[in-house]
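Observations on chain architecture
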Amino acid sequence: MTRRQWLASLPAVASPKGYQALAPPFERIDTHTHIHRKAPALFAALEKNQWRCLSICVSRAIGDEPSDLEEMIRGTAEVHRLTNGSIAWATAFDARGFASRDLARRAIDGLRQSFDDGAIAVKIGKNIGMGIRAKSGDYLLPDHPALAPVFDAIERADKTLIAHLAEPDGAWLPLDQNNPEIAYYSSHPEWHMYGRAGVPAKETILAARDRVLERHPKLRLVGCHLGSDEEHWDRLAKRLDKYPNFAVDVAARVRYFVRGDHEQARQFLIKYQDRVL
């Protein structure tokens with residue numbers, strides 16, 4: 001059922017201006033949250049207000065620092081159980097050992113356990129493309145051959161790959177008052193790419209993601225944050241047209257629609273309403 005069909009199936013009430021509004025109660029769904037530990041008050045509020053959501057684990061580690069991923073996965077699986085599935089969840093894996101021959105095996109074993117515990121998706125983060133590096137200094141890109149068996153396993157399991165790859169354009173621009181992302185990258189300098197030697201261009205990272213879509217045409221892939229094409233809706237539209245297994249979410253990126261051309265944003269969202277979460 002498409003979103004249009006779903007909306008058409010719901011009861012409607014006439015508003016004072018003659019528009020059709022959804023008649024309560026209706027369910028609300030948030031497809032991008034991070035809830036990794038018990039929070040009884042939050043769980044009660046979600047149930048009371050008929051909210052469901054997807055809680056997404058993510059591997060943030062770049063260098064040799066300890067990872068909190070295993071604890072995050074355990075906590076999120078418990079959240080899923082405690083809420084009887086109203087909080088769905090996405091697992092993740094640590095890609096730092098991509099040069100190791102057993103990376104794929106270890107990653108796939110972990111994913112299978114997460115799938116047994118109810119995970120419906122797998123997240124890869126921006127440290128792929130923007131952080132994790134080989135001993136040679138080369139950055140790990142999402143289409144690296146070491147990751148292909150992992151994507152194959154996700155596809156075979158009929159799960160979804162959630163990908164936060166690249167960042168807004170401001171990550172590659174000087175950090176000055178002309179950069180709309182100055183506040184974020186001032187407090188998160190590890191993700192500010194401007195001036196760093198050997199850093200992949202943003203489009204290089206996104207092109208590598210596109211190759212993953214091409215090589216895995218049956219793999220559902222959701223590009224977080226408008227697929228990092230938040231400032232280039234025409235470019236995003238071409239990708240959505242080219243890759244039927246590609247969708248995007250709007251998490252933390254609604255502001256780009258607000259500050260952009262409103263009619264262009266409206267037409268984009270109408271055309272791709274079944275591909276925008």
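Refer to the structure printed above.
Conventions we followed
- Residues numbered from 1 in each chain as written.
- Predicted model: local features only at pLDDT ≥ 70, side-chain atom pairs only at ≥ 80, totals over all residues.
- Heavy atoms only, no water.
- Salt bridge = Lys/Arg side-chain N within 4 Å of Asp/Glu carboxyl O.
- Helix = DSSP H or I, 4+ residues; strand = E, 2+ residues; numbered from the N terminus.
- Axes fitted to C-alpha atoms, helices over the stretch in contact; angles between N-to-C directions.
- Parallel < 35°, antiparallel > 145°, perpendicular 65-115°, else oblique.
- Left-handed = near helix turned anticlockwise from the far one by under 90°.
- Contact = heavy atoms within 4.5 Å.
- Nonpolar A, V, L, I, M, F, W, Y, C, P; charged D, E, K, R; others polar.
- Buried < 20%, exposed > 50% of the residue type's maximum accessible area, 1.4 Å probe, protein only.
- Polar contact = N/O pair within 3.5 Å; in protein donor to acceptor, adjacent residues only side chain to side chain.
- Pairing = 2+ DSSP bridges.
- Right-handed = clockwise from strand over helix to strand, strands pointing away.

Right, let's get into the pattern of salt bridges. According to the stated counting rule, one finds 24 salt bridges in the structure shown. Taking the shortest distance from any N to any O, the salt bridge between Glu181 and Arg259 comes out at 3.7 Å. With a gap of 78 residues between them, Glu181 in the loop between β7 (160-163) and α7 (182-187) and Arg259 in helix α11 (residues 254-259) connect regions that are remote in the sequence. Through salt bridges with shared partners, a single ionic network connects Lys126, Glu167, Asp169, Lys202, Glu230 and Arg253.

With that settled, the discussion passes to the packing of helix α4 (residues 103-116) against helix α6 (residues 148-156). Where α4 contacts α6, the two axes come as close as 9 Å, and the packing angle between them is 25 degrees. With respect to each other, α4 and α6 are oriented roughly parallel. The two elements α4 and α6 cross, and the hand of that crossing is right-handed. Within the contact between the two elements, α4 uses Ala104, Ala107, Ile108 and Leu111 and α6 uses Pro149, Val150, Ala153 and Ile154. Here the contact of α4 with α6 is built from residues that sort into eight nonpolar, no polar and no charged.

Let's shift gears to the environment of Glu231. Along the chain, Glu231 turns up in the loop between α9 (224-227) and α10 (233-242). Exposure remark for Glu231: the relative accessible area of 33% places this residue in the partly exposed category. Along the primary structure Glu231 and Asp169 are separated by 62 residues, whereas in three dimensions their C-alpha atoms are 7.7 Å apart. In this view, Glu231 contacts Pro168, Asp169, Gly170, Tyr256 and Arg259; residues no more than four positions away in its chain are not counted. In terms of polar contacts, Glu231 uses its side chain to reach the backbone amide nitrogen of Asp169, at 3.2 Å.

Right, let's talk about the pairing of strand β4 (residues 51-56) for a bit. For a regular strand, side chains alternate in direction, first toward one face of the sheet and then toward the other. When strand β3 (residues 28-33) meets β4, the two strands line up parallel, connected through four bridges. Its bridge partner lying in β4, Ile29 is registered against Arg52. Crossover β3 to β4 through helix α2 (residues 40-48) is right-handed. In the sheet, β4 pairs with strand β5 (residues 87-92) via four bridges, with the strands oriented parallel. The partner of Cys53 across the bridge, within β5, is Ile87. Read as a crossover between parallel neighbours, the route from β4 over helix α3 (residues 69-82) to β5 is right-handed.

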